[in-house]
Amino acid sequence: MTAPTRLDLDLMVIGAAKSGTSTLIHLLEAANGVTPIDAEGELTYFLHDAEFERGPDEAQRKYFGAAKHAGEVRFGKSAGLMYSPVALQRLHEDSPSVRAAAVLRDPVDRAFSAYLWARRAGAENQSFADAIARELAGGEISLPKPELRRYVDRGEYARHLVPARELFGADRLQVCFLEEMRTDPYAAANVLLAPFGRSVSAESGVSTHANQATNVRSQRLARLIRSPGLRRGLRRVIPARGRAAIVRGVRRFNEAGAVSEQMDEATRALLREHFQPCNDSLSELRGRAVRS
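What you are looking at is a predicted structure, and each value in this text was computed from that prediction instead of being measured. (Residues numbered from 1 in each chain as written. Predicted model: local features only at pLDDT ≥ 70, side-chain atom pairs only at ≥ 80, totals over all residues. Heavy atoms only, no water.)

**Some points on the pairing of strand β4 (residues 99-104)**
Here is the key point about a regular strand: its side chains alternate between the two faces of the sheet.
Inference 1: Within β4, five of the six residues are buried, which leaves the element mostly enclosed by the surrounding structure.
Inference 2: As paired strands, strand β1 (residues 11-15) and β4 are joined by four bridges and run parallel to one another. In the strand pairing of β4, leucine 11 is matched with arginine 99.
Inference 3: As paired elements, β4 and strand β5 (residues 173-177) share five bridges and run parallel to each other. In the sheet register, alanine 100 faces β5, and the bridge partner there is leucine 173. (Buried < 20%, exposed > 50% of the residue type's maximum accessible area, 1.4 Å probe, protein only. Helix = DSSP H or I, 4+ residues; strand = E, 2+ residues; numbered from the N terminus. Pairing = 2+ DSSP bridges.)

If you want it as structure tokens, here you go:
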């Protein structure tokens with residue numbers, strides 16, 4: 001059999017992080033005839049230079065195990081993809097007919113959720129108010145793991161979506177909001193499944209609440225879980241599904257109950273004012289009003 005020269009994806013969920021992308025992909029993968037990725041939830045092939053340089057054959061084995069067969073529908077998720085024009089171009093060249101889905105969220109709430117995630121991952125030790133002030137002053141770029149700390153930048157959706165719209169066109173870029181998806185998550189998933197003749201129903205039993213924020217017992221352990229060195233070591237001896245199970249188990253062990261921290265009203269008002277022009281631009285791009 002001829003080796004694959006591309007992944008040939010049918011649908012890619014391109015973002016945004018902390019906006020319900022994990023819930024959505026679980027719903028999509030529960031549909032009949034859909035192949036879930038054989039990895040740890042994120043298809044990072046287009047986003048990470050070193051992985052992309054290893055080529056599609058290795059990515060094929062990592063994410064799907066085998067070449068695509070006739071009639072197969074392939075979905076992937078990379079919550080950071082919409083923020084990288086280079087990665088979007090790679091996706092477009094690999095899968096020219098792919099449909100892209102951007103799941104967005106009230107940018108103020110998304111910023112706070114991303115902050116809580118960074119705390120859980122051991123990458124943030126300041127208060128939310130201080131972290132926002134730091135980013136607005138340009139200070140986050142000199143910190144480790146800056147991609148986890150761009151709470152404001154990654155809620156400025158319109159400017160990040162322009163390259164995706166130019167590449168895929170308005171007819172193949174679906175933009176939806178977590179707030180809408182919460183009303184009927186199965187309907188939201190079925191809008192994306194319809195072009196492929198697939199559907200999913202509530203009888204599938206898929207959880208519609210993924211990656212909820214929690215406190216952690218140890219930030220040191222949280223950082224270790226995300227360590228590239230640890231992941232490389234596990235990759236040498238444990239298959240992808242086994243690695244994912246180990247990471248999930250350690251994360252559950254390190255969880256210490258629900259987060260009780262709240263956003264203060266002054267910071268909320270500051271972010272509301274900052275995001276208003278961005279939301280107006282997104283309304284124009286989407287053709288529908290964005291709640292502020």
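**Re the nonpolar core**
Inference 1: Judged by nonpolar contacts, the single largest core of 32 residues is most densely connected at Leu9, Met12, Ile14, Leu43, Phe46, Leu91 and Leu104.
Inference 2: Every element with two or more residues in this core is listed here: β1, α3 (56-63), α4 (85-94), β4, α7 (157-168) and β5.
Inference 3: Top contributing element to this core by residue count: α7, with six residues.
Inference 4: Those residues in contact with leucine 91, other than ones at most four positions away along the chain, are Leu9, Met12, Ile14, Phe46, Leu81, Val98 and Phe168.
Inference 5: In terms of nonpolar packing, the next biggest core, distinct from the first, is built from 22 residues, Leu27, Phe75, Ala188 and Leu192 among them. (Core = buried A, V, L, I, M, F, W, Y, C linked by side-chain atoms within 4.5 Å. Contact = heavy atoms within 4.5 Å.)

**Notes on the pattern of salt bridges**
Inference 1: This structure, assessed with the given rule, holds 14 salt bridges.
Inference 2: The partner of aspartate 49 in a salt bridge is arginine 90, with the nearest N and O atoms 3.0 Å apart. With a gap of 41 residues between them, aspartate 49 in helix α2 (residues 49-53) and arginine 90 in helix α4 connect regions that are remote in the sequence.
Inference 3: What makes aspartate 49 partly exposed here is its relative accessible area of 44%.
Inference 4: The class for arginine 90 is buried, based on a relative accessible area of 16%.
Inference 5: Measuring nitrogen to oxygen at the nearest pair gives 3.4 Å for the salt bridge that ties aspartate 109 to arginine 268. Placement of the pair is aspartate 109 in helix α5 (residues 107-120) and arginine 268 in helix α13 (residues 265-286), with a sequence separation of 159 residues. (Salt bridge = Lys/Arg side-chain N within 4 Å of Asp/Glu carboxyl O.)

**Examining the packing of α4 against α7**
Describing two packed helices takes the angle between their axes plus the distance from one axis to the other.
Inference 1: Close contact between α4 and α7 brings their axes to 10 Å; oriented N to C, the two are set at 20°. Relative to α7, the element α4 is oriented roughly parallel. Seen along the crossing, α4 lies across α7 with a hand that is right-handed. Facing Pro85, Leu88, Gln89, Leu91 and His92 of α4, the residues of α7 in contact are Pro163, Ala164, Leu167 and Phe168.
Inference 2: Taken together, the residues of the contact of α4 with α7 sort by class into seven nonpolar, two polar and no charged. (Axes fitted to C-alpha atoms, helices over the stretch in contact; angles between N-to-C directions. Parallel < 35°, antiparallel > 145°, perpendicular 65-115°, else oblique. Left-handed = near helix turned anticlockwise from the far one by under 90°. Nonpolar A, V, L, I, M, F, W, Y, C, P; charged D, E, K, R; others polar.)

**Observations concerning the sheet that holds β1**
In a beta sheet, neighbouring strands are held together by backbone hydrogen bonds and run either parallel or antiparallel to one another.
Inference 1: Across the sheet, five strands lie side by side as β2-β3-β1-β4-β5; this open sheet has parallel pairing. Strand pairing shows two members of the sheet lacking a second neighbour, β2 (34-35) and β5, which therefore form its edges.

**What to know about the packing of helix α1 (residues 21-29) against helix α9 (residues 185-193)**
Inference 1: Running from N to C, α1 and α9 cross one another at 65°; their axes reach a closest spacing of 9 Å. The chirality of how α1 crosses α9 is right-handed. For the pair α1 and α9, contact is made by Leu24, Leu27 and Leu28 and by Pro185, Tyr186, Ala189, Leu192 and Leu193, respectively.
Inference 2: Counted by class, the contact of α1 with α9 contains eight nonpolar, no polar and no charged residues.

**Some thoughts on α7**
Inference 1: Here α7 spans 16 Å end to end across twelve residues, near enough to the 16 Å set by a 1.5 Å rise per residue.
Inference 2: All of the buried residues along α7 are Tyr157, Ala158, His160, Leu161, Ala164, Leu167 and Phe168.
Inference 3: On its buried face, α7 is in contact with β1, α4, β4, α5, β5 and α13.
Inference 4: Once α7 ends, the next one or two residues include glycine 169, with phi positive near 80°. (Expected span 1.5 Å × (residues − 1).)

**Here's the deal with the packing of aromatic side chains**
In this description, an aromatic ring pair is defined by two values, namely the gap between the centres and the angle between the planes.
Inference 1: Taken as a whole, this structure holds seven aromatic pairs when the rule is applied.
Inference 2: An angle of 40° between the planes, with centres 5.0 Å apart, marks the rings of tyrosine 45 and phenylalanine 52 as tilted.
Inference 3: Taking the relative accessible area as the measure of exposure, tyrosine 45 reaches 3% and is therefore buried.
Inference 4: By relative accessible area, phenylalanine 52 is classed as partly exposed at 26%.
Inference 5: Geometrically, the ring pair formed by phenylalanine 75 and phenylalanine 196 is tilted, given 5.5 Å between the ring centres and 55° between the ring planes. Note that phenylalanine 75 is positioned in strand β3 (residues 73-77) and phenylalanine 196 in the loop between α9 and β6 (214-216), a separation of 121 residues in sequence. As far as the burial class goes, phenylalanine 75 and phenylalanine 196 line up, both buried.
Inference 6: Directly above the aromatic system of phenylalanine 52 lies the positively charged group of arginine 90, at a separation of 4.3 Å from the ring centroid. (Phe/Tyr/Trp six-rings, centres within 6.5 Å; stacked < 30°, edge-to-face > 60°. Lys NZ or Arg CZ within 6 Å of the ring centre and 35° of its normal.)

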